[in-house]
Amino acid sequence: MEPGRIRLNKHLSQTGTASRRTADELIRQGRVTVNGRVVTELGTRIDPATDQVKVDARRVRTADARRYLLLNKPRGVVSTRSDPQRRTTIVDVLARAGITGYFYPVGRLDFDTEGLLLVTNDGEFAEVVAHPRHGVERTYEAQVAGVPDTRDLDRLRRGVLIDGRRTRPADVRLLRVVRTRQGDEAVLSITIHEGRNRQVRHMCDAIAHPVERLRRTRIGPVEDRRLRPGQVRDLRPQEVRALVGEDRAAPSTRRRRRTSAV
């Protein structure tokens, strides 16, 4: 193996262009060129210092320093880089906080859901944390219509059917009951160990207590009650390590840990 040469999909991941999985798909589709030639072989190696790589005819920039952000996404913000309906995106929120560059979310939060969202320019980190097999749990506070009884809460804990498939067991607690114009509403803490689309909302629909307001309060070991909606901060090194785990760390994260330990 020639020194300095790395796999093309790894280069695309390190530059924040795409995760390795998505990079492989771009390569298969013939959308990636190296020095002007279309590359479709997944094992292709390149030298980032000398080879010119383009995706869809746009040059891939050199890799920026890896950065890991924790954003408290407000309601009414789309957790994508762009939106065809021109709604406010997380890129807009980052820009207001003075953060520019090519960042993208690790997973998503619904338009009408607020709370913690990881944002990064490290594709390998994003792939590790977001992949279902790693089971990074998420905790939500859900204010629901009415007050579920013990039987309803037990159903949520054991799992309910959504689209013919039962959810995995969840940790569910009744935090408090609040009085609204519509009557009493419960605030639940729900920790899930999978990431199905709009899962918490569908779970609460299944017990006939639909969500009125939803906020994500924790991602794996990371939480921050002081971070207000629209605010963002860098993850602490120990938070990054805790998210990926020593045995399943993204390669770029492992390299930094080894270097800092010398």
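Residues numbered from 1 in each chain as written. Predicted model: local features only at pLDDT ≥ 70, side-chain atom pairs only at ≥ 80, totals over all residues. Heavy atoms only, no water.

Draft legend 1. A look at the overall build of the protein chain. Looking only at helices and strands, the protein chain has 8 helices and 16 strands in total. Considered along the principal axes of its C-alpha atoms, the protein chain spans approximately 65 × 40 × 35 Å. Across the 262 residues in the protein chain, those meeting the buried criterion constitute 48%. When contacts within the protein chain are restricted to residue pairs at least 6 apart in sequence, long-range pairs at least 24 apart make up 64% of them. Surface exposure of the protein chain reaches about 14300 Å², of which carbon and sulfur atoms provide 45%. Each charge class in the protein chain can be summarised by its mean position, and for the 54 positive and 34 negative side chains these summaries are 2 Å apart. (Helix = DSSP H or I, 4+ residues; strand = E, 2+ residues; numbered from the N terminus. Buried < 20%, exposed > 50% of the residue type's maximum accessible area, 1.4 Å probe, protein only. Contact = heavy atoms within 4.5 Å. Areas by Shrake-Rupley, 256 points an atom, 1.4 Å probe, with all protein chains shown as cover. Lys, Arg positive; Asp, Glu negative; His and termini not counted. Charge placed at Lys NZ, Arg CZ, Asp CG, Glu CD.)

Draft legend 2. Looking closely at the pairing of strand E13 (residues 171-180). The sheet contact formed by E13 and strand E14 (residues 183-192) spans 9 bridges and is antiparallel. Among the inter-strand pairings, Arg-176 is bridged to a residue of E14, identified as Val-187. Linking two consecutive strands that pair antiparallel, namely E13 and E14, is a turn of 2 residues. (Pairing = 2+ DSSP bridges.)

Draft legend 3. Structural context of the nonpolar core. If you look at the biggest cluster of nonpolar residues, it comprises 31 residues, and the most contacted ones within it are Ile-190, Val-200 and Met-203. Looking at which element gives the most residues to this core, the answer is E14, with 4 residues. Apart from the residues lying within four places of it in its own chain, the contact partners of Ile-190 are Arg-138, Thr-139, Tyr-140, Ala-142, Asp-171, Val-172, Val-200, Met-203 and Cys-204. Formed by 18 residues, the second largest nonpolar core is a distinct cluster that contains Tyr-104, Val-128, Val-136 and Val-240. (Core = buried A, V, L, I, M, F, W, Y, C linked by side-chain atoms within 4.5 Å.)

Draft legend 4. Up close: the pairing of strand E15 (residues 211-219). Pairing between strand E9 (residues 114-120) and E15: 2 bridges, direction parallel. Note that in E15 the partner of Gly-115 across the bridge is Arg-216.

Draft legend 5. Representation of unusual backbone geometry in the model. Positioned with a positive phi, Asn-35 is a non-glycine residue whose angle comes to about 55°. Of note, Ala-208 is a non-glycine position whose phi angle comes to about 65°, a positive value. Note that Ala-208 resides in the loop between helix H6 (199-206) and E15.

Draft legend 6. Spotlight on the sheet that holds strand E2 (residues 32-34). Taken together, 4 strands build an open sheet; the order of strands is E3-E2-E5-E6 and the sheet is antiparallel. Each edge of the sheet is formed by a strand with only one pairing partner; in this case those strands are strand E3 (37-38) and strand E6 (58-59). The pairing of E2 with strand E5 (residues 53-55) spans 3 bridges and is antiparallel. For Val-32, the partnering residue across the bridge sits in E5 and is Val-55.

Draft legend 7. Representation of the pattern of salt bridges. Counted according to the given criterion, the structure contains 20 salt bridges. One salt bridge connects Arg-5 with Asp-51, and the closest N-O pair in it is separated by 4.0 Å. With a gap of 46 residues between them, Arg-5 in the segment before strand E1 (6-7) and Asp-51 in the loop between strand E4 (45-46) and E5 connect regions that are remote in the sequence. Classification of Asp-51 by relative accessible area gives buried; the value is 15%. Linking Asp-110 and Arg-201 is a salt bridge whose minimum nitrogen-to-oxygen distance equals 3.6 Å. Placement of the pair is Asp-110 in the loop between strand E8 (104-106) and E9 and Arg-201 in helix H6, with a sequence separation of 91 residues. As far as burial versus exposure is concerned, Asp-110 and Arg-201 are alike and both buried. What you see here is one network of salt bridges that share partners, running through Asp-110, Asp-112, Arg-198 and Arg-201. (Salt bridge = Lys/Arg side-chain N within 4 Å of Asp/Glu carboxyl O.)

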